[in-house]
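Structural features, examined
One letter stands for each residue in the lines below.
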Amino acid sequence: MADRTPTTLDFDALRPPSPFLTPAHDAWRAKLRDFVDTHIAPHLDDWDTASDFPDSLYVQAAQDGILGMGFREDLGGTGEDIGLYERILFAEEFFRLGSGVVFADLATPWIALPPIINGGTAEMLDRVARPVLAGEKKIAFAVTEPGGGSDVSNFTTTAERRGDVFVVNGGKTLISGAMKADYLLTAVRTGGPGMGGLSMLLIETDRAGVTRGPLPGLQWYNKNNGWLKFENVEVPVTNLIGEENRGFAGLAGQFNIERFSGISATLAMTRTCVAEAIAFARERHTFGKRLVDHQAMRHKIVDMIQRLKAAYAFLDILVWRFERGENVIADLAMLKIQATTTLEHCARESLQVLGGRAYTGGNRVERIYREARIFVIGGGSEEILRDLAGRQMGL
Ligand SMILES: Cc1cc2nc3c(=O)[nH]c(=O)nc-3n(C[C@H](O)[C@H](O)[C@H](O)COP(=O)(O)OP(=O)(O)OC[C@H]3O[C@@H](n4cnc5c(N)ncnc54)[C@H](O)[C@@H]3O)c2cc1C
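Note that the structure is predicted; figures quoted are calculated from it, not measured. (Residues numbered from 1 in each chain as written. Predicted model: local features only at pLDDT ≥ 70, side-chain atom pairs only at ≥ 80, totals over all residues. Heavy atoms only, no water.)

Here's the deal with the overall build of the chain
Counting its regular elements, the chain contains 12 helices and 10 strands. In terms of overall dimensions, the chain is globule-like: its C-alpha atoms have a radius of gyration of 22 Å, near the 21 Å expected for 395 residues. The buried share of the chain, taken over its 395 residues, is 52%. Pairs at least 24 residues apart make up 74% of the contacts formed inside the chain by residues separated by at least 6 positions. Approximately 17600 Å² of the chain is accessible, and the part contributed by carbon and sulfur atoms is 53%. Both charge centroids of the chain, one from 43 positive and one from 50 negative side chains, sit 5 Å from each other. (Helix = DSSP H or I, 4+ residues; strand = E, 2+ residues; numbered from the N terminus. Rg over C-alpha atoms; globule rule 2.2 N^0.38 Å. Buried < 20%, exposed > 50% of the residue type's maximum accessible area, 1.4 Å probe, protein only. Contact = heavy atoms within 4.5 Å. Areas by Shrake-Rupley, 256 points an atom, 1.4 Å probe, with all protein chains shown as cover. Lys, Arg positive; Asp, Glu negative; His and termini not counted. Charge placed at Lys NZ, Arg CZ, Asp CG, Glu CD.)

Shown next as structure tokens:
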């Protein structure tokens, strides 16, 4: 006879064991969880309502060795010698509560700082990297334009060289953290048409000619996401990051890391939804028995767990292959689609399990349901990633 003792099927239990996770990873996860439980969880509902969180969280995250994860120690980071799983666990733990409002801004230095540290001037290390890693200044990654984000080769924000300065004209939109950023890492057109004419340029938001504003609408409940306009903004040529007209060359590797983080965030939110659905279905009674005792509900839950386990198996093997130096671009693109469709499905089905209860507070499902869409669009949209995978596989 099968053992019918209820098993724990919470957030932790829903992550299948990985042969690659070590006790050191467990310790890092515990540290992150402690940070989230202490400094974020008690305020999260208020921050959701306010669409914002206090600046002090940046400083706290810096002091606790969270903000500087993976950055050079001499710049205030925790050291570059970290593996991909440390980053993955960061995304998992921050999204355990579906706290996109916090993560979107707090994690931006991971995307925006490496090109500056690797391709910027020594002066930028002191002026930009150090204060950002200390939580005292903020940076945003400003690439998407009002004319479109997917077709990077078509960007129209120009930086025209006049002596010692670039004169920047154009604009960016949908930029996480735009409203509070002191610095922007932007992609600007310094050369001819196509990808080859783009450069990365650091722009300080207090320069004359920079204006910005919020973007109301379906967001991560984050009012710091916004648009930026550049009108004859004079930027010293020393603000160029990397080689002129080779702006995207250095970013390719970074997109992989960003994609792994996005996938991990996606799967963590899925676990949160499924765990809440299971807990509810075990408690709620309809038609004389627990919700989970109705076959239709049991099938829904098993189906969600099955999809989650398949996605995690794919993720863990890709981490292993990536860390061995394999080219995983095609698989990573396909995994991102797999993970985001898993989230979309599970958020819908979990909300269905909770029924009207999902809308009455005290759970994360309703919020995650609304946030799920952005993961299918940002960090490489579904259509663009399918094309990328097809090209990489030589179809
Ligand atoms: C909450 C939020 C936060 C964001 N944060 C940032 C940020 O910090 N920095 C930043 O630079 N950007 C940010 N973005 C922008 C994001 O990166 C873009 O939305 C994304 O790159 C897609 O660009 P787009 O919205 O202009 O869509 P478009 O490029 O206009 O495309 C519209 C739709 O058409 C599809 N499509 C495009 N081309 C093709 C094709 N060839 N074949 C089939 N389908 C196609 C796309 O997949 C998409 O579904 C953010 C967006 C959101 C919503």
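From this point, the discussion proceeds with the structure in view.
Observations concerning unusual backbone geometry
Even without being a glycine, Asn232 presents a positive backbone phi close to 50°. By the element assignment, Asn232 lies in strand 7 (residues 226-236). Positive phi values are uncommon outside glycine, yet Asn245 reaches one of about 65°. Residue position: Asn245 is located in the loop between strand 8 (240-241) and helix 8 (252-283).

Notes on the site of the ligand
Contacts to the ligand come from 16 residues, most closely from Thr144, Gly149, Ser150, Ser381 and Glu383. A distance of 2.7 Å separates a nitrogen atom of the ligand from a polar side-chain atom of Thr144. Its free accessible area being 970 Å², the ligand has 62% of it covered by the protein chains. Every element with two or more residues in the shell around the ligand is listed here: strand 3 (165-175), helix 11 (365-377) and helix 12 (382-392). Residue composition of the shell around the ligand, grouped by class: eight nonpolar, seven polar and one charged. Taken domain by domain, the makeup of the shell around the ligand includes at least three residues from each of domain 2 (139-247) and domain 3 (250-392). (Near = heavy atom within 4 Å. Polar contact = N/O pair within 3.5 Å; in protein donor to acceptor, adjacent residues only side chain to side chain. Nonpolar A, V, L, I, M, F, W, Y, C, P; charged D, E, K, R; others polar. Domains from an automatic or database assignment.)

Comments concerning the side chain of Arg15
Relative to the assigned elements, Arg15 resides in the segment before helix 1 (23-40). Given the relative accessible area of 8%, Arg15 is considered buried.

Details of the pairing of strand 1 (residues 139-142)
Residue alternation in strand 1 divides its side chains into two sets, Ile139 and Phe141 and Ala140 and Ala142, and both sets are buried. Pairing geometry for strand 1 and strand 4 (residues 183-189), over four bridges, is parallel. In the sheet register, Ile139 faces strand 4, and the bridge partner there is Tyr183. (Pairing = 2+ DSSP bridges.)

Regarding the packing of aromatic side chains
Where two aromatic rings form a pair, the distance of their centres and the angle of their planes describe that pair. Following the criterion strictly, the structure yields eight aromatic pairs and no others. Consider the rings of Phe90 and Trp110, whose centres lie 4.3 Å apart with planes at 50°: the pair is tilted. Linking Phe90 in helix 4 (residues 84-95) with Trp110 in helix 6 (residues 108-119), this pair joins segments that are 20 residues apart in sequence. Ring centres 5.7 Å apart and planes at 85° place the aromatic pair Phe95 and Phe375 in the edge-to-face group. Taken together, the residues span a long stretch of sequence, with Phe95 in helix 4 and Phe375 in helix 11 at a distance of 280 residues. Both residues of the pair, Phe95 and Phe375, count as buried. Over the aromatic face of Phe155 sits the side chain of Lys172, whose NZ or CZ is 4.7 Å from the ring centroid. (Phe/Tyr/Trp six-rings, centres within 6.5 Å; stacked < 30°, edge-to-face > 60°. Lys NZ or Arg CZ within 6 Å of the ring centre and 35° of its normal.)

Things to note about the pattern of salt bridges
Two side chains bearing opposite charge may form a pair once their charged atoms approach each other closely. Taken as a whole and judged by the stated rule, the model has 35 salt bridges. One salt bridge connects Glu231 with Lys229, and the closest N-O pair in it is separated by 3.9 Å. In this structure Lys229 comes out as partly exposed when scored by relative accessible area, which is 40%. Salt-bridge contacts for Glu344 lead to Arg373; the nearest nitrogen and oxygen are separated by 2.2 Å. Within this pair, whereas Glu344 is found in helix 10 (residues 329-354), its partner Arg373 is found in helix 11, the two being separated by 29 residues in sequence. For Arg373, a relative accessible area of 40% corresponds to the partly exposed category. Several salt bridges converge on common partners, so that one network encompasses Asp12, Arg15, Arg29, Arg33, Asp37, Glu92, Glu93, Arg96, Arg271 and Asp316. (Salt bridge = Lys/Arg side-chain N within 4 Å of Asp/Glu carboxyl O.)

Quick look at the environment of Pro17
Considering the arrangement of structural elements, one finds Pro17 in the segment before helix 1. Expressed as a C-alpha distance, the spacing of Pro17 and Ala313, which sit 296 residues apart in the sequence, is 9.3 Å.

A short note on the domain arrangement of the chain
Often, the extent of an interface is quoted as the loss of accessible area upon association of its parts. Entries for the chain in the domain assignment read domain 1 (23-133), domain 2 (139-247) and domain 3 (250-392). The gap between the C-alpha centroids of domain 2 and domain 3 is 32 Å.

Brief notes about the nonpolar core
Phe94 and Leu113 are the most contacted members of the largest nonpolar core, which has 97 residues in total. Of all the elements, helix 8 adds the most residues to this core, at 13 residues. Each residue touching Leu113, except ones within four places of it in the same chain, is listed here: Phe71, Val128, Ala129, Val132, Leu133 and Ile139. One finds Ala159, Val168, Leu201 and Leu228 within the second-largest nonpolar core, a separate group that totals 19 residues. (Core = buried A, V, L, I, M, F, W, Y, C linked by side-chain atoms within 4.5 Å.)

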